[in-house]
Amino acid sequence: MLAAYAAAQSASDPLSGLVVGERPEPQARPGWTVVRLRAAALNHHDVWSLRGVGLPADRLPMVLGCDGAGVDEAGNEVIVHAVVPSDGWRGDETLDPRRTLLSELHDGTLAEQVAVPSTNVVPKPESMSWETAACLSTAWLTAYRMLFTNSGVQPGGTVLVQGAGGGVATALIQLGAAAGYRMWATSRDEAKGARALEIGADRVFGPGERLPDRVDAVMETVGAATWSHSVNSLRPGGTIVISGATSGDAPAKAELTKIFFKQLRVVGSTMGTQQELAQLARLVVQAGIEPVIDSVRPLAEARDGFARMVDGDVFGKVVFTVG
Ligand SMILES: NC(=O)c1ccc[n+]([C@@H]2O[C@H](COP(=O)([O-])OP(=O)(O)OC[C@H]3O[C@@H](n4cnc5c(N)ncnc54)[C@H](OP(=O)(O)O)[C@@H]3O)[C@@H](O)[C@H]2O)c1
């Protein structure tokens, strides 16, 4: 089958290890189902895998991809849930210390077919397009849990999103605006800032810019480059929810004094549960949200999509159609 996979890794030149070519079809196994994908989408996670972060070299070649939607063995239209718990795990799978994401241990979704545990699918709402469904498994699920499970902010509160253009960031802006939060965002790029306003941000600011008010919560995925600004932008008792560190995980200033003096909460957040994914799919339909899609291209042209992400050019999700 056609797949986009990591054949090698390079920290400085991630595209050098990417191959778009043939891989064996997944084998049926008890308790698992094979999903024939109709669409899949890219996450920064796939670039990290090509850079050698989070994917040990001895697991190569590995089909990349955590996001996808398609038709399972029983003929159901499904969205794939990418968090795979270890055998016998009960409860919130994101807290399983031995859980993996698709493409870390088991082949991922950037392919014609993917095998997942049969519990790792949720129904695709009938009215939802394949492209939309393919956006939800990772960045959108992460944004959902950051905002609604981990921020503690009620509708009406003010939330700052660092870095407006990314997959998680655009999901945060769209979900927060739909749920009645006042969404503020920063971006390095004026054009991306203008687009953030179009998709629901109330105001946008340049990197590090002083805000007119302190916010209730900051959604952080940029990391080192924005950490100080995140701490300084919060009201006393406010919350930083962090789920990524694209620009590095060692900020020049950790701001420990401000964190304790202002009694801030720093909450880590990773992916979400299968139940949260099902809730997210329903919310997207009920609220009439159309996830921002940067571009759609056939899986055979996956390399161009990866290049956009590596160059930092994306606004929204990079989607691949399959079949
Ligand atoms: N923990 C989890 O479960 C989870 C799930 C999904 C993603 N993540 C992580 O979250 C991060 C974002 O993922 P994504 O898929 O949304 O990636 P992406 O689409 O590539 O987004 C990158 C974002 O980072 C901003 N950015 C990048 N470099 C920056 C810099 N030097 N200074 C300021 N802003 C910068 C960009 O903002 P502008 O260009 O607008 O400035 C953009 O919003 C990644 O590190 C990813 O691994 C974690």
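Values in this document were obtained by computation on a predicted structure and should not be read as measured data. (Residues numbered from 1 in each chain as written. Predicted model: local features only at pLDDT ≥ 70, side-chain atom pairs only at ≥ 80, totals over all residues. Heavy atoms only, no water.)

1. A closer look at the overall build of the protein chain
Summing up its helical and strand segments, the protein chain has eight helices and 18 strands in all. Radius of gyration (C-alpha) of the protein chain: 19 Å, near the 20 Å computed for a compact globule of 323 residues. Taken along the three principal axes of its C-alpha coordinates, the protein chain extends 55 × 40 × 40 Å. Expressed as a percentage of the 323 residues in the protein chain, the buried residues total 54%. Look at the contacts in the protein chain between residues 6 or more apart in sequence, and 72% of them connect residues 24 or more apart. (Helix = DSSP H or I, 4+ residues; strand = E, 2+ residues; numbered from the N terminus. Rg over C-alpha atoms; globule rule 2.2 N^0.38 Å. Buried < 20%, exposed > 50% of the residue type's maximum accessible area, 1.4 Å probe, protein only. Contact = heavy atoms within 4.5 Å.)

2. What to know about the environment of Leu 277
Along the chain, the position of Leu 277 falls in helix α7 (residues 274-286). Excluding residues within four positions of it along the chain, Leu 277 makes contact with Ile 79, Val 80, His 81, Val 122, Leu 136, Ser 137 and Leu 141.

3. With respect to the UniProt feature "domain: Enoyl reductase (ER)" (unreviewed entry) in the protein chain
Mapped onto this numbering, the UniProt entry gives "domain: Enoyl reductase (ER)" (unreviewed entry) at residues 13-320. Annotated as residues 13-320, this span is 28% helix and 26% strand, and its ends, taken at the C-alpha atoms, are 22 Å apart. (UniProt positions renumbered as here; feature names shortened; annotations may be inferred.)

4. Regarding the site of the ligand
In the vicinity of the ligand lie 25 residues, with His 44, Arg 188, Lys 192, Ser 243 and Met 271 positioned nearest. Contact with the protein chains removes 86% of the 920 Å² of surface that the ligand exposes when unbound. Residue assignment for the shell around the ligand shows that the elements contributing at least two residues are α1 (44-51) and α3 (167-178). Along the lines of polarity and charge, the residues of the shell around the ligand split into nine nonpolar, 14 polar and two charged. (Near = heavy atom within 4 Å. Areas by Shrake-Rupley, 256 points an atom, 1.4 Å probe, with all protein chains shown as cover. Nonpolar A, V, L, I, M, F, W, Y, C, P; charged D, E, K, R; others polar.)

5. Describing the state of the cysteines
In a disulfide, the sulfur atoms of two cysteines are covalently bonded to one another. What the rule picks out here adds up to zero disulfides. For the unlinked cysteine Cys 66, the closest cysteine sulfur is that of Cys 135, found at 14 Å. A residue is classified by how much of its surface remains accessible, and Cys 66, at 0% relative accessible area, is buried. Cys 135 gets classed as buried once you look at its relative accessible area, which sits at 0%. (Disulfide = S-S within 2.5 Å.)

6. Some details on the sheet that holds strand β1 (residues 2-6)
The sheet built from three strands is open, its strands ordered β2-β1-β4 with antiparallel pairing. Looking along the sheet, the strands with just one partner apiece sit at the ends: β2 (18-22) and β4 (62-63). Direction of pairing for β1 relative to β2: antiparallel, over a ladder of five bridges. The residue of β2 that forms the bridge with Ala 6 is Leu 18. The strands touched by helix α8 (residues 302-310) are β1 and β2; relative to β2, the strand with the most contacts, the crossing angle is about 160°. (Pairing = 2+ DSSP bridges. Axes fitted to C-alpha atoms, helices over the stretch in contact; angles between N-to-C directions.)

7. As for the environment of Arg 59
The topology assignment puts Arg 59 in the loop between α1 and β4. The sequence separation of Arg 59 and Ser 103 amounts to 44 residues, and the corresponding C-alpha distance is 9.6 Å. A polar atom in the side chain of Arg 59 sits 2.8 Å from the backbone oxygen of Glu 104. (Polar contact = N/O pair within 3.5 Å; in protein donor to acceptor, adjacent residues only side chain to side chain.)

8. Focus on the packing of α1 against α8
For the pair α1 and α8, the least separation of the axes is 10 Å and the interaxial angle reads 90°. What the angle tells us is that α1 and α8 run roughly perpendicular. Together, His 44, Asp 46, Val 47, Leu 50 and Arg 51 of α1 and Phe 306, Met 309 and Val 310 of α8 make up the contact between the two elements. Of the residues belonging to the contact of α1 with α8, the class tally is five nonpolar, one polar and two charged. (Parallel < 35°, antiparallel > 145°, perpendicular 65-115°, else oblique.)

9. Examining the pattern of salt bridges
Following the criterion strictly, the structure yields eight salt bridges and no others. Among the ionic pairs, Asp 67 bridges to Lys 317, the shortest N-O distance being 2.8 Å. Within this pair, whereas Asp 67 is found in strand β5 (residues 67-71), its partner Lys 317 is found in strand β18 (residues 317-321), the two being separated by 250 residues in sequence. For the pair shown, Asp 67 and Lys 317 are each scored as buried. The salt bridge involving Asp 92 is made with Arg 145; its shortest N-O contact spans 3.0 Å. With Asp 92 in the loop between β7 (83-84) and β8 (100-101) and Arg 145 in helix α2 (residues 130-150), this residue pair connects regions lying 53 residues apart in the sequence. Judged by relative accessible area, which is 24%, Asp 92 ranks as partly exposed. Here the salt bridges share partners, and the residues they tie into one network are Asp 92, Arg 145 and Glu 276. (Salt bridge = Lys/Arg side-chain N within 4 Å of Asp/Glu carboxyl O.)

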